Amino acid sequence: MDSRPPHLLLLLTSLLHCQYARGQSSFIIDTVGLAILPSNTVQSGTPVTLRCQVSVSHDNIPHLTHTFQLTQDDVPIHSSTTTKDLVEYELSPARAADSGTYECRVTVKDRSRASVPQKLRVTGLQTPVLYLNKTMPYEGEEFIATCSAPEEKGSLIFRFYEKRSGESQRIKQLAPTGNSSETTLALRSVGDSFLYCDYEINLVSGPRRSNHSQEIPVIVRGLYISPVMNVLPSSDVFEGDIMEVVCKVVSPPKSVEVFLTKDKRILKQAPISLSHQFTAKEGDSGKLVCKAEWGNVQQENYQVITVRELFSKPRLTVEPIDIFEGDRFKLTCSVSVYVPERINNDTMRFSIYKDDLELTSAETYMTVAHPAKNGNYTCKAQAASLSRSFVKESQTVVVKAKVPVSKPVLSVVGGTLVLGKRFQLLCHSDSGTLPILYTLYGPNRLLDTRTVRKPWEEAVFNSSAIYRSSDLNNFLCHARNSQHRTNVTESGQLLRSTNIIEPVSKPVLSVRHSMGDVSEGQDVTLVCSVQRGTLPISFTWYHTQTGEALTSQTSRKLEASHRINNVRGEHQGKYYCVCTNAANETQQSHTITITVKMAGWKKGLIAFFCILLILALILVVIFKRRLLRFKRKTTGELSVKSANTKVERLSLTQSEVNEAANVTPGMMGKSVWSEHVSGSESDDQNSVISPEKAEPQYTEVQTRQADPNRAPVKKGTDTVYSEVRNSKQGVPEQADGGSVEYAQLNHDADHHGDHGNHGHHSAQDDHIDEIDSSVDNNTADHGE
């Protein structure tokens, strides 16, 4: 059971309801206004107020807050959050840096609105103030100058000016800074002048320049600290003389320093004045400078001194200039005396040194060149003058004996030479001081020269092709590294050291087999040979029909062979061979043609079958002739006799012949009689008819097409009946006293009009004519 009081529950419910109602409240920002007071254009130093006011419509939202943000040229300058609808921002006072475009933006919850931009222009700039820590400086003395505009805002660029004789000149400009700037100035001209300054401010609308400050008079005093310089005994002396240089400042200010220098090297330093003594030596000639410094101000004076030599610096010479190992060379130390009245030649002493070790106390030194004699040589000359002695040393001479050039070696680049091709020759000496001049001589002439100056360089010569190995003996190389030292290559050395490759000549392909002709089943050998070429040689055989290599061989002879066993018909055709060697030049032979003849047993078998075929043809011809004779004989003996020995003539009408010609192919070539015959052709067609069988006999004849001149008959298989009566003597009689019908059928089913069978049809007509003639003869005999 809930023990909380009822009024607490009521309070919570009210709060929730109010929160819900607040979340559902609505509003709108009507206007945002910005005003610049007293006006948009004011004089510098005038107080200015920026007033921003907002108008919001809402449905009784209590304590509605507004966030105001003021910007100048889009740069925020002020921001505040309040429940008031008005905000004011003071520019007190307004300066030129406050000029620009202002805008007020108001944000209420999630909504925002900006005012119309307003421009403020502040006219005028504060006049700057100049301050100097010294108004009477010495010439070149540095002093501090400060220019400021304390009431201005922003980054100011200050400039300083000097006004002399009515003309102003800018002497310094500083980088942009605040409203005050300090710098160091130094005036070089002695006299009266005025200093003033001004400044410039960069605004969005453009730069503005102020009026210049007050002019401050400045008196530049002359500073007389130029030193006085004396050289004793004189500025022109001989070596060995004692010299003294005095440098001082007359009536100096405090803290003056004096320096004595030569060639930017300080010889001595002292306050106000100095004195420097030294013994004059060779090389002391030059300019001595005396400087006086006070603060940052310097003044100087100088004098040129000349130190004359009593005798020259010794000179060490070497003879000869080109020294080779094993040669004798000579070192000589010499001097030139310039003041003989001060130098006694008898007192001159010489010494020669190698690597700072004395070799001799004489003017000359001779020895034999050797690597151990290489080194740095110097000499010293000692002489005594009236007051003191002098020792001078020569410059160092480096002696390094040259190595004579060794016998050059001539070789073919790569070590291999292919006859008929261009090649390169290398001439090289194992030892010899560079540079070395190499000269190559070819067959009866000079080819070229090369100079090797660096250790990594080589003397490589290009040569034209040669075609004989012996031509290599005509190449010579000369090597020289001095005017009098030359070495020559050994004769024949190039030929012995070179691997010479002779390209293969054009190969010749030939056929070798056991018999004169190539027949099937035999073995054939293809021999590929060359006249010359460096061994080993690679041979390859090709068959043009296949286009592929048959086989390849590498031989150490000038020829190689490929054997084809059991030659067949597909082996005939054209063959060629290709050969090459290390020269990588491929040569191809001419093609040869191999014709494969048929085997003997095949020829005999074909001849046997041909003889059999001829015999068969002869037998067929004989058989046909005899058959024809038999048919003619049978036809000639055909006759019909009546019982009264009266021979009635057999007549065969043309229509019946035509009808017989149109019989079926199965009946072609057969004789059809009106009498009944058996299907066998072997039955005797001339047998006597039995009297008992005198009644009519009927024979069925098949026809293909009816003759148009006769009565219509049925198509296909028609039955034609011919009545034959038998006489008493066995001779058939025609029933109506007419002729006995006879038909011979032709083999050609289309003989009735085809031109191709005209010959066959004519033979049939001849045969019928023979029958008619035989019957007529019988009839005539019977009539007689």
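Let me begin by describing the structure that accompanies this report. Keep in mind it's a predicted model, so treat the numbers as computed, not measured.

What follows concerns the sheet that holds strand S38 (residues 445-452). Pairing is antiparallel in the open sheet, where 4 strands are placed in the order S38-S37-S40-S41. The outermost strands of the open sheet, each flanked by one partner alone, are S38 and strand S41 (486-488). Within this sheet the neighbouring strands show an average axis-to-axis angle of 20°, counted without direction. The pairing of strand S40 (residues 476-480) with S41 spans 3 bridges and is antiparallel. Following the sheet pairing, Arg-480 is matched in S41 by Thr-486.

Considering all chains together, one arrives at 7 aromatic pairs under this definition. Ring centres 5.7 Å apart and planes at 50° place the aromatic pair Phe-158 and Tyr-199 in the tilted group. Remark: Tyr-199 occurs in strand S15 (residues 191-203) and Phe-158 occurs in strand S12 (residues 156-164); sequence separation between them is 41 residues. Of the two residues examined, Phe-158 and Tyr-199, each falls in the buried class. When the centroid spacing of 6.0 Å and the interplanar angle of 75° are considered together, the rings of Phe-423 and Phe-475 count as edge-to-face. Within this pair, whereas Phe-423 is found in strand S36 (residues 423-428), its partner Phe-475 is found in the loop between strand S39 (459-463) and S40, the two being separated by 52 residues in sequence. Residue Phe-423 is classed as buried on the basis of its relative accessible area of 8%. In this structure, Arg-111 packs its charged tip against the face of Phe-27, placed 5.0 Å from the ring centre. A cation over an aromatic ring shows up here: Lys-380 above the ring of Tyr-353, its NZ or CZ 5.1 Å from the ring centre.

Two side chains carrying opposite charge are able to pair once their charged atoms lie near each other. Applying the stated criterion across every chain yields a total of 22 salt bridges. Glu-162 is the partner of Arg-164 in a salt bridge, and the nearest nitrogen-oxygen pair spans 3.1 Å. Look at Arg-164 and you get partly exposed, because its relative accessible area is 23%. Its relative accessible area of 12% is what places Glu-162 among the buried residues. Here the residues in one salt-bridge network are Glu-239, Glu-309 and Lys-392, joined through shared partners.

This paragraph deals with the pairing of strand S34 (residues 409-412). Burial along S34 is one-sided: the residues Leu-410 and Val-412 are buried and none of Val-409 and Ser-411 is. Where S34 and S36 come together, 4 bridges link them in antiparallel fashion. Following the sheet pairing, Val-412 is matched in S36 by Leu-425.

Parameters and conventions
Residues numbered from 1 in each chain as written. Predicted model: local features only at pLDDT ≥ 70, side-chain atom pairs only at ≥ 80, totals over all residues. Heavy atoms only, no water. Pairing = 2+ DSSP bridges. Helix = DSSP H or I, 4+ residues; strand = E, 2+ residues; numbered from the N terminus. Axes fitted to C-alpha atoms, helices over the stretch in contact; angles between N-to-C directions. Phe/Tyr/Trp six-rings, centres within 6.5 Å; stacked < 30°, edge-to-face > 60°. Buried < 20%, exposed > 50% of the residue type's maximum accessible area, 1.4 Å probe, protein only. Lys NZ or Arg CZ within 6 Å of the ring centre and 35° of its normal. Salt bridge = Lys/Arg side-chain N within 4 Å of Asp/Glu carboxyl O.

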